[in-house]
Structure formats: C-alpha cells, structure tokens
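# Structure assessment
For reference, the chains in residue letters:
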Amino acid sequence: MEWIEIFKAIILGIIEGITEWLPVSSTGHMILVDEFLQLGMSPEFKEMFFVVIQLGAIMAVVLLYWKKIFPFNFNKKPFVEKDIIIMWIKIVLACIPAAIIGLKWDDQINALFYNFQTVAIMLILFGILFIVVENHNKGKTPKINNMNQLTYKAALIIGLFQVIAAVFPGTSRSGATIVGALLIGVSREIAAEFTFFLAIPVMFGASLLKLVKFGFVFTGFELVVLAVGTIVSFIVSVWAIKFLMGYIKKHDFKVFGWYRIVLGIILLAYFFFVR
C-alpha cells in the first residue's frame with residue numbers, strides 16, 4: 001500500500017536528519033533500518049533516495065547559518081564579507097580530495113566497501129578514535145577557536161579525513177572531519193560548524209551525481225516519497241544541529257564514541273549470528 005511507503009520515508013527521513021549531523025554514521029543506521037523497514041521501490045530509486053534526502057539536511061544548515069555562509073550584505077559597504085569568501089575558499093580546498101575520489105571511483109567504492117562488515121568495523125574504529133582523541137585533548141586549550149584562525153593547511157587536513165568517510169561507509173562524514181579537526185587543535189564548536197559548512201558542497205554534489213545516474217525520470221509516487229523523506233530530514237536536522245551545538249558546549253564527543261562502538265558490535269552480531 002502506498003501510505004506504508006510514505007510512512008517508511010518519514011522514518012528514514014527522521015533517521016537521516018538525526019544521524020547526518022551527530023557523528024554516528026547515517027549510513028550505518030540506514031543499513032540497519034533498511035534490514036527491517038525496506039522501501040518497496042526499485043533498487044535504483046532506493047540508492048538515489050538515501051543520498052538525495054540529505055538535501056533536506058543541508059537546507060537546515062543553510063537556514064540556521066545563513067548569516068555565516070552568505071558572503072553578500074547589500075545593506076552595508078563593502079557588500080562582500082571578505083572573511084566568508086575566504087572561508088568558502090577553505091571549504092572548496094577541503095572538498096577537493098573527496099571530490100576526486102568520489103568522481104573517479106564511486107562505483108568501485110560502493111561495490112567493494114558498501115557492506116555491513118565495513119560499516120560495523122568503521123563504526124567501532126572511529127568510536128575508539130573519538131574516545132582516544134578526547135582523552136588526549138583533555139585539559140588542553142584549543143589552538144583554533146574561530147573560523148578565521150582555521151588555516152588553509154588545517155582545512156586541507158580536515159578534507160583528507162573526509163576522504164576516509166568517502167571511501168569507507170560507517171566512518172561518518174561528520175565523525176571523520178570532527179576527529180580530524182580535534183586532532184589538529186580545533187575547538188569542538190568550530191570543528192562542528194566547519195563540518196556543517198563542508199557538507200553543503202559535498203552533499204549537493206553527491207545528490208546531483210545520484211540524480212544524474214538515476215536519470216531525473218520519476219513516477220508521481222516516487223516524487224512524493226522522495227519529497228516526504230527530504231522534508232522530514234530537513235525538519236529533524238534543524239533540531240539535531242541545535243541539539244549538537246548545545247550539547248558540545250558542556251560535553252565532549254566521547255558519548256558518541258561509545259554509542260558507535262555499541263552499534264558496531266550490534267551490527268556485527270546481527271549479521272553474523274541472526275541474519
């Protein structure tokens with residue numbers, strides 16, 4: 001029944017909206033949920049759906065951070081915010097490594113690594129890394145506490161960590177970039193914000209790539225399912241981003257590390273012993 005597929009799209013949109021921004025791997029959660037709540041659509045549509053609903057999550061960033069990411073202010077002179085332009089140059093620089101990998105080897109990466117074993121292992125490994133990094137940084141003052149202090153070199157290093165997420169599903173794009181930022185002395189708040197901004201071109205590019213592969217040919221019902229998932233992802237993402245930024249002002253990322261480890265173990269146990 002069609003309403004059941006719409007209900008599934010709502011659930012998947014909720015999961016995407018939460019897990020895209022919390023560093024716990026949206027892919028890992030999607031794989032687990034899809035095992036029990038499979039969309040009754042074609043495999044090609046499902047592959048495209050899981051990527052394109054991220055546009056809803058991206059629009060939440062655009063809404064919440066518009067003043068920090070839009071470089072033009074026509075109510076004052078100069079009209080161009082130089083610091084924001086420089087920030088976007090850093091974002092583009094950080095995106096280049098993952099873009100090269102994705103454009104050249106996207107199909108091969110999916111064939112080799114898009115499986116529960118890779119997702120579970122990367123969940124656990126980066127969960128451990130979060131805990132190790134936070135313990136290492138305990139009591140230390142961050143070197144970078146605002147976006148202007150983030151150098152081109154630092155942006156490129158964070159971008160290289162994003163490559164790990166591009167190759168190995170389960171790493172979590174936000175998780176990888178946040179870990180990379182923390183390792184080089186970026187504060188938690190700036191690490192999270194830069195991760196949000198970095199996602200804008202990455203997810204727009206990934207969504208466009210999937211839409212091109214799908215062919216932009218939709219049935220009316222497919223459009224409804226895609227729209228529902230995207231809108232729900234947007235609404236939930238607004239909450240998730242606000243929650244994360246409020247949480248890390250008083251806490252570290254270790255709770256997400258422990259969560260990742262537990263989820264990774266559950267994934268391995270389920271697929272090895274239950275499925």
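To start, this report covers the structure provided alongside it. Everything numeric here is computed off the predicted structure, so don't read it as measured data.

## Examining the overall build of the chain
In terms of regular secondary structure, the chain is built from twelve helices and zero strands. Each helix and strand of the chain, ordered N terminal to C terminal, gives the series α-α-α-α-α-α-α-α-α-α-α-α. The C-alpha radius of gyration computed for the chain amounts to 19 Å, which stays within 12% of the reference 19 Å derived for 275 residues, consistent with globular compactness. Summarising its shape, the C-alpha atoms of the chain cover approximately 55 × 45 × 35 Å along the three principal directions. Across the 275 residues in the chain, those meeting the buried criterion constitute 51%. Across the chain, the fraction of contacts at a sequence separation of at least 24, relative to all contacts at a separation of at least 6, is 82%. Split by element, the accessible area of the chain, about 13400 Å² in all, is 71% carbon and sulfur.

## A closer look at a nonpolar patch on the surface
A cluster of nonpolar side chains, contributed by Phe72, Phe74, Phe79, Val80, Ile85, Ile89 and Tyr152, occupies part of the molecular surface with about 650 Å² of accessible area. Structurally, Ile89 is set in helix 6 (residues 82-113). Classification of Ile89 by relative accessible area gives partly exposed; the value is 43%.

## Focus on unusual backbone geometry
Unlike most non-glycine residues, Ser25 shows phi in positive territory, near 80 degrees. Along the polypeptide, Ser25 turns up in the loop between helix 1 (2-19) and helix 2 (26-36). One non-glycine residue, Ser172, adopts positive backbone phi at about 85 degrees. With respect to the secondary-structure elements, Ser172 resides in the loop between helix 8 (152-167) and helix 9 (173-183).

## A look at the side chain of Ser237
Within the fold, Ser237 resides in helix 11 (residues 220-247). Taking the relative accessible area as the measure of exposure, Ser237 reaches 0% and is therefore buried. In terms of polar contacts, Ser237 uses its side chain to reach the side chain of Trp21, at 3.1 Å. Beyond its immediate stretch of four places on either side in the chain, Ser237 contacts Gly17, Trp21, Ala57 and Ala60.

## So, the pattern of salt bridges
For the structure shown, the criterion picks out four salt bridges. Measuring nitrogen to oxygen at the nearest pair gives 2.7 Å for the salt bridge that ties Lys210 to Glu47. In this pair, Lys210 sits in helix 10 (residues 188-214) while Glu47 sits in helix 3 (residues 43-52), placing the two residues 163 residues apart along the sequence. For Lys210, a relative accessible area of 9% translates into the label buried. Taking the shortest distance from any N to any O, the salt bridge between Glu134 and Arg188 comes out at 3.0 Å. Residue Glu134 is located in helix 7 (residues 116-137), and its partner Arg188 is located in helix 10; the two are separated by 54 residues in the primary sequence. Taking relative accessible area as the criterion, Arg188 reaches 28% and is therefore assigned partly exposed.

Thresholds, definitions, all that
Residues numbered from 1 in each chain as written. Predicted model: local features only at pLDDT ≥ 70, side-chain atom pairs only at ≥ 80, totals over all residues. Heavy atoms only, no water. Helix = DSSP H or I, 4+ residues; strand = E, 2+ residues; numbered from the N terminus. Rg over C-alpha atoms; globule rule 2.2 N^0.38 Å. Buried < 20%, exposed > 50% of the residue type's maximum accessible area, 1.4 Å probe, protein only. Contact = heavy atoms within 4.5 Å. Areas by Shrake-Rupley, 256 points an atom, 1.4 Å probe, with all protein chains shown as cover. Patch = residues over 30% accessible without salt bridge, like charges linked within 9 Å, V, L, I, M, F, W, Y side chains within 5 Å. Salt bridge = Lys/Arg side-chain N within 4 Å of Asp/Glu carboxyl O. Polar contact = N/O pair within 3.5 Å; in protein donor to acceptor, adjacent residues only side chain to side chain.

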